[in-house]
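Each chain is listed here by its residues.
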Amino acid sequence: TPSTLNREAITKFCPSSSKTKEALVTTPSPIMIFSSIITVLLLQTAPTPTVSFSSISTSTHSQKCLKTPIKSRLYNVPPPSTSDPEAVKAASDKEPPPQSFYDLQIKSSRASQMAIEDGYKLLEVEFPPLPANILEMDDVTSYDVSLANLKLAINFAKFFSQDGKNVAILLPDEAELNIALDEIGGDAKPHPGVLVTAIRRSEEGDERVFKPEQVFLGLFGNKAGNVKAIDGVDMYVVIGVSAQELPDVEELHELEKDKPIVLYNLKLETLRGDLGAPAFPSRELQDRFLSRVKPSYYLLPRSYTRSIPNPPFLLNYQGAIFRSYPGQWQTLLDTGTGSYRRVKGSDIRPGLGEFKAELTSALQTEGILEEEGKVLGFLRTGYKTSTWWEGEREDASNDWRS
């Protein structure tokens with residue numbers, strides 16, 4: 001009947017308000033019958049409303065219908081003021097990893113700025129330049145990664161240019177520079193205060209397309225051009241450098257000791273492993289230079305596979321080492337739901353072997369992995385679980401791990 005339809009419609013709309021139902025159910029009229037049918041149809045076909053946790057509705061009807069309060073969750077909360085170092089440190093210690101590249105750009109720039117204000121001149125910013133599902137594709141080349149790093153570095157430099165600083169983004173040599181400029185439209189100044197150039201550059205005024213001396217030097221493994229400081233530049237951002245070209249960055253630092261140099265997505269963890277090999281710089285480069293590079297923003301995902309005695313017999317798990325200056329080094333476990341859970345925080349950077357052990361221990365605590373004896377644990381990890389540069393070295397600084 002019309003009264004039943006009207007009562008059902010009101011019940012769906014506000015089931016807890018019985019007085020409201022009785023007040024609204026009156027003698028039916030043609031208009032009421034029509035409106036009741038339309039109301040029921042709309043309520044049956046309308047999607048379930050979603051509640052935004054960024055705010056609480058203050059409408060009168062919502063307050064009457066809700067029996068329990070909605071738990072609010074705040075988003076876009078501004079970080080603590082830099083005038084309160086203790087609050088900044090406490091917030092950075094528990095800072096979650098970024099949810100987007102935009103979030104990453106803002107937080108990495110801000111962390112680097114704080115490190116520079118604290119007097120550090122050599123900084124490291126490290127994170128995956130592309131989403132994981134894209135990096136795993138077979139058709140993704142090193143040039144795709146280099147282009148992504150260049151675009152990210154330009155946005156990183158824009159943050160500092162807003163304060164009136166002139167920032168130079170440096171590629172290894174002019175050949176790499178020409179490729180990069182072609183990709184971004186040929187403009188060496190993509191933004192006011194931002195310059196894209198090379199660490200090694202030819203003499204000014206030398207516009208020759210073919211340079212025989214470059215071919216000659218290349219035969220002996222030497223780079224053409226010289227490492228030069230750039231007049232009027234307040235800060236350098238280095239991208240795309242290999243292990244053989246790290247001494248050029250060291251030479252630039254010797255020329256510009258008072259200016260910040262950011263090693264941006266160079267994968268220093270991998271480059272350190274090449275030191276000491278034939279045709280590569282010696283391991284002393286880690287002691288005198290790379291150990292002095294302060295990680296201001298660091299996100300390193302790692303994936304592992306472990307055999308287990310029960311089906312499915314192989315367990316895949318992953319986590320990440322995360323640090324946002326001046327916060328702690330965090331060991332994060334991937335929960336498999338698109339988020340990470342903090343396992344441990346430390347003021348000293350964990351080695352990769354220690355990081356893996358922390359993830360394994362967390363899985364054992366949760367009952368996902370069974371406890372193993374010392375013998376089987378030794379057979380899994382081996383005698384040495386750290387790399388040569390992770391150990392104590394007499395002439396090395398602790399900046400890279402603190």
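Note that the structure is predicted; figures quoted are calculated from it, not measured.

### Brief notes about the overall build of the protein
Move 1: Counting secondary structure elements, the protein contains 15 helices and 11 strands.
Move 2: Sequence-distant contacts in the protein: of pairs separated by 6 or more residues, those separated by 24 or more amount to 67%.

### Quick notes on the pattern of salt bridges
Move 1: Under the counting rule described, the total for this entry stands at 11 salt bridges.
Move 2: A salt bridge links Lys89 to Asp93, with the nearest nitrogen and oxygen atoms 2.8 Å apart. Here the residue Lys89 and the residue Asp93 both occupy positions in helix α5 (residues 85-93), the gap between them amounting to 4 residues, near one helical turn.
Move 3: The residue Glu254 makes a salt bridge to Lys257 at a minimum N-O spacing of 3.4 Å.
Move 4: One continuous salt-bridge network, built from bridges that share partners, spans Lys89, Asp93 and Asp347.

### Some words on a negative patch on the surface
Move 1: Taken together, the side chains of Asp138, Asp139, Asp144, Asp182 and Glu183 define an acidic patch exposed on the protein surface.
Move 2: Looking at the element boundaries, Asp182 is found in helix α9 (residues 174-183).

### Let's talk about the nonpolar core
Move 1: Phe156, Ile169, Met235, Val237, Ile239, Val262 and Tyr264 are the most contacted members of the largest nonpolar core, which has 36 residues in total.
Move 2: Here this core gets 7 residues from one element, more than from any other, and that element is helix α8 (residues 142-161).

### Things to note about the pairing of strand β2 (residues 167-171)
Move 1: Buried residues dominate β2, accounting for 5 of its 5 residues.
Move 2: Residue alternation in β2 divides its side chains into two sets, Val167, Ile169 and Leu171 and Ala168 and Leu170, and both sets are buried.
Move 3: Sheet topology note: the β2/strand β3 (residues 194-198) ladder contains 5 bridges and is parallel. Among the inter-strand pairings, Val167 is bridged to a residue of β3, identified as Val194.
Move 4: The handedness of the β2 to β3 crossover, carried by α9, is right-handed.
Move 5: In this sheet, strand β6 (residues 235-238) lies alongside β2 in parallel orientation, the contact comprising 4 bridges. Paired with Val167 across the strands is Met235, a residue of β6.

### Observations regarding the confidence of the model for the protein
Move 1: When pLDDT is averaged along the protein, the result is 80, and 71% of the positions lie at 70 or above.
Move 2: Overall, residues 40-73 carries pLDDT values under 50, and its contacts beyond four positions in sequence, including any with other chains, amount to 23 contacts.
Move 3: The low-confidence segment residues 215-220, where pLDDT is below 50, has 4 contacts with residues more than four positions distant or belonging to other chains.

### A word on helix α14 (residues 352-365)
Side chains three or four residues apart in an α-helix point the same way, a direct result of the helix having 3.6 residues per turn.
Move 1: Compared with the 20 Å implied by 1.5 Å per residue over 14 residues, the 20 Å span of α14 between its first and last C-alpha is a close match.
Move 2: Looking one or two residues past α14, Gly367 carries a phi angle of roughly 85°, positive in sign.

### Some words on unusual backbone geometry
Move 1: Omega for the peptide link from Pro311 to Pro312 comes to 10°, which places this bond in the cis form.
Move 2: By the element assignment, Pro312 lies in the loop between β8 (294-307) and β9 (314-324).
Move 3: In this model, Phe313 sits at a positive phi of 70°, which is unusual for a non-glycine residue.
Move 4: Within the secondary structure layout, Phe313 lies in the loop between β8 and β9.

### Description of the packing of helix α6 (residues 101-117) against α8
Move 1: Direction vectors running N to C along α6 and α8 enclose 50°, while the axes themselves pass 10 Å from each other. The angle between α6 and α8 places the two elements in the oblique class. α8 is crossed by α6, and the crossing has right-handed handedness. When α6 is examined against α8, the residues Phe101, Gln105, Ser108, Ser109, Arg110, Ser112, Gln113 and Ile116 are found in contact with a partner set consisting of Leu152, Asn155, Phe156, Phe159 and Phe160.
Move 2: Residue classes in the contact of α6 with α8 are distributed as 6 nonpolar, 6 polar and 1 charged.

### Focus on the pairing of strand β11 (residues 340-346)
Move 1: Where strand β10 (residues 329-334) and β11 come together, 6 bridges link them in antiparallel fashion. Bridging across to β11, Thr331 finds its partner in Lys344.
Move 2: What sits between β10 and β11 in their antiparallel hairpin is a turn of 5 residues, with Gly336 showing a positive phi close to 80°.

### Focus on the packing of aromatic side chains
Move 1: Here the structure, examined in full by the defined rule, presents 10 aromatic pairs.
Move 2: Measuring from ring centre to ring centre gives 5.2 Å for Phe159 and Phe160, while their planes differ by 80°; the resulting arrangement is edge-to-face.
Move 3: Residue Phe160 is classed as buried on the basis of its relative accessible area of 1%.
Move 4: Aromatic pair Tyr297 and Phe322: ring centres 5.5 Å apart, planes at 85°, arrangement edge-to-face. One end of the pair, Tyr297, is in strand β8; the other, Phe322, is in strand β9, with 25 residues separating them in the sequence. You'll find Tyr297 and Phe322 in the same group, each marked buried.
Move 5: A network of ring pairs unites the aromatic residues Phe127, Phe156, Phe159, Phe160 and Tyr264 as a single cluster.
Move 6: Geometry around Tyr298 places Arg349 over its ring, the cationic atom sitting 4.5 Å from the centre.

Reading the values: rules and limits
Residues numbered from 1 in each chain as written. Predicted model: local features only at pLDDT ≥ 70, side-chain atom pairs only at ≥ 80, totals over all residues. Heavy atoms only, no water. Helix = DSSP H or I, 4+ residues; strand = E, 2+ residues; numbered from the N terminus. Contact = heavy atoms within 4.5 Å. Salt bridge = Lys/Arg side-chain N within 4 Å of Asp/Glu carboxyl O. Patch = residues over 30% accessible without salt bridge, like charges linked within 9 Å, V, L, I, M, F, W, Y side chains within 5 Å. Areas by Shrake-Rupley, 256 points an atom, 1.4 Å probe, with all protein chains shown as cover. Lys, Arg positive; Asp, Glu negative; His and termini not counted. Charge placed at Lys NZ, Arg CZ, Asp CG, Glu CD. Core = buried A, V, L, I, M, F, W, Y, C linked by side-chain atoms within 4.5 Å. Buried < 20%, exposed > 50% of the residue type's maximum accessible area, 1.4 Å probe, protein only. Pairing = 2+ DSSP bridges. Right-handed = clockwise from strand over helix to strand, strands pointing away. pLDDT = per-residue confidence, 0-100. Expected span 1.5 Å × (residues − 1). Axes fitted to C-alpha atoms, helices over the stretch in contact; angles between N-to-C directions. Parallel < 35°, antiparallel > 145°, perpendicular 65-115°, else oblique. Left-handed = near helix turned anticlockwise from the far one by under 90°. Nonpolar A, V, L, I, M, F, W, Y, C, P; charged D, E, K, R; others polar. Phe/Tyr/Trp six-rings, centres within 6.5 Å; stacked < 30°, edge-to-face > 60°. Lys NZ or Arg CZ within 6 Å of the ring centre and 35° of its normal.

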